[in-house]
Amino acid sequence: MIVKFSANHFYLPLSPLIRLWTWSRYSHCEFVFSNGVSVFPAMEVGVVISTKKKYPVETFVHVDVTPEQERIIYHWAKRQVGVPYDYTALAPFNVLIPRKKKSWKDPIAWMCSEFCAFGLEKIGIVLFDEKEKKITPGGLFKRLMKHPKAHIIETQNTNFVPA
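Calculation rules
- Residues numbered from 1 in each chain as written.
- Predicted model: local features only at pLDDT ≥ 70, side-chain atom pairs only at ≥ 80, totals over all residues.
- Heavy atoms only, no water.
- Helix = DSSP H or I, 4+ residues; strand = E, 2+ residues; numbered from the N terminus.
- Buried < 20%, exposed > 50% of the residue type's maximum accessible area, 1.4 Å probe, protein only.
- Contact = heavy atoms within 4.5 Å.
- Areas by Shrake-Rupley, 256 points an atom, 1.4 Å probe, with all protein chains shown as cover.
- pLDDT = per-residue confidence, 0-100.
- Pairing = 2+ DSSP bridges.
- Axes fitted to C-alpha atoms, helices over the stretch in contact; angles between N-to-C directions.
- Core = buried A, V, L, I, M, F, W, Y, C linked by side-chain atoms within 4.5 Å.
- Expected span 1.5 Å × (residues − 1).
- Polar contact = N/O pair within 3.5 Å; in protein donor to acceptor, adjacent residues only side chain to side chain.
- Phe/Tyr/Trp six-rings, centres within 6.5 Å; stacked < 30°, edge-to-face > 60°.

**Observations concerning the overall build of the chain**
Counting secondary structure elements, the chain contains four helices and six strands. Starting at the N terminus, the α and β elements of the chain follow one another as β-α-β-β-β-β-α-α-α-β. When burial is assessed residue by residue, the chain has 54% of its 163 residues classed as buried. Long-range pairs, those at least 24 residues apart, make up 68% of the contacts in the chain between residues at least 6 apart in sequence. When the accessible area of the chain is evaluated, it comes to approximately 8400 Å², of which 60% is carbon and sulfur surface.

Written out as structure tokens, the structure is:
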């Protein structure tokens, strides 16, 4: 199973702002399953299923899971379709725009990185403490890269160096 991290410099004007506000090299992440399907929270509509989303910058992190573990995440992720995107997670420090969620694990809305971190927890890959205020794409990337079951398999864009 893959967790894809991406940044969209050209087509999505919010990408640089998201990276700035979240202190991340990446503005997005998503699950890519062995059947080619991606499941992720999208700003426009909430959690969606896709097979064609491409970004100018993509880093693919392979997570060594069993077929049963992948099924667990896949079925959980599919059940999240339609859950709204958590815009309040993008606000710096959440001073002017307080977060609606009490915990990053609260399923009322998802930011992509919190969605992926929670999905990984479903199969026992715990990367963050319950007390974390928010999980950014860059924060998830750094923690995932320290896990023994994860490794980069590909980075697309020769001008981009992963964190």
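After that view of the structure, there is still more to cover.
**Details of the confidence of the model for the chain**
Close reading of the predicted structure is inappropriate where its pLDDT is low. Confidence along the chain averages 84 in pLDDT terms, with 78% of residues attaining 70 or more. Mean pLDDT in the chain bottoms out at helix 1 (residues 14-22), which sits at 63, and peaks at helix 2 (residues 67-79), which reaches 98. Counted against residues more than four places away or in other chains, residues 158-163, with its pLDDT under 50, gives 16 contacts.

**Remarks on the sheet that holds strand 4 (residues 46-50)**
Two orientations exist for strands paired in a sheet by backbone hydrogen bonds: parallel and antiparallel. Strand order in this open sheet of six strands is 4-3-2-1-5-6, and the pairing throughout is antiparallel. Every other strand in the sheet has two partners, leaving strand 4 and strand 6 (150-156) as the edge strands with one partner each. For this sheet the average axis-to-axis angle between neighbouring strands, irrespective of direction, equals 25 degrees. As paired elements, strand 1 (residues 2-7) and strand 2 (residues 28-32) share five bridges and run antiparallel to each other. Counterpart to K4 in the pairing with strand 2 is E30.

**Describing the nonpolar core**
One finds F5, F31, F115, L120, L140 and L144 to be the most contacted residues of the largest nonpolar core, which totals 35 residues. Examining the composition of this core, we find that six residues originate from one element, helix 3 (residues 112-121), more than from any other. Sequence-distant contacts of F115, that is, excluding residues within four places in its chain, are made with F31, V39, F40, P41, V47, W76, A77, Q80 and W110.

**Quick notes on helix 2**
For helix 2, built from 13 residues, the straight-helix expectation of 18 Å at 1.5 Å per residue is met to within 8% by its first-to-last C-alpha distance of 18 Å. Elements in contact with the buried residues of helix 2: strand 2, strand 3 (38-42), strand 4 and helix 3.

**Description of the side chain of S113**
Mapped onto the secondary structure, S113 falls in helix 3. Given the relative accessible area of 0%, S113 is considered buried. A polar side-chain atom of S113 sits 2.4 Å from the main-chain carbonyl oxygen of I135.

**Digging into the packing of aromatic side chains**
The geometry of an aromatic ring pair is captured by two quantities: the separation of the ring centres and the angle between the planes. Considering all chains together, one arrives at twelve aromatic pairs under this definition. Ring plane angle 75 degrees and centroid distance 4.9 Å describe the contact between F33 and Y74, whose orientation is recorded as edge-to-face. Of the two residues, F33 sits in the loop between strand 2 and strand 3 while Y74 sits in helix 2, which places them 41 residues apart along the sequence. You can call F33 buried: its relative accessible area is 3%. When the ring of W110 is compared with that of F115, the centres are 6.0 Å apart and the planes differ by 75 degrees; the resulting orientation is edge-to-face.

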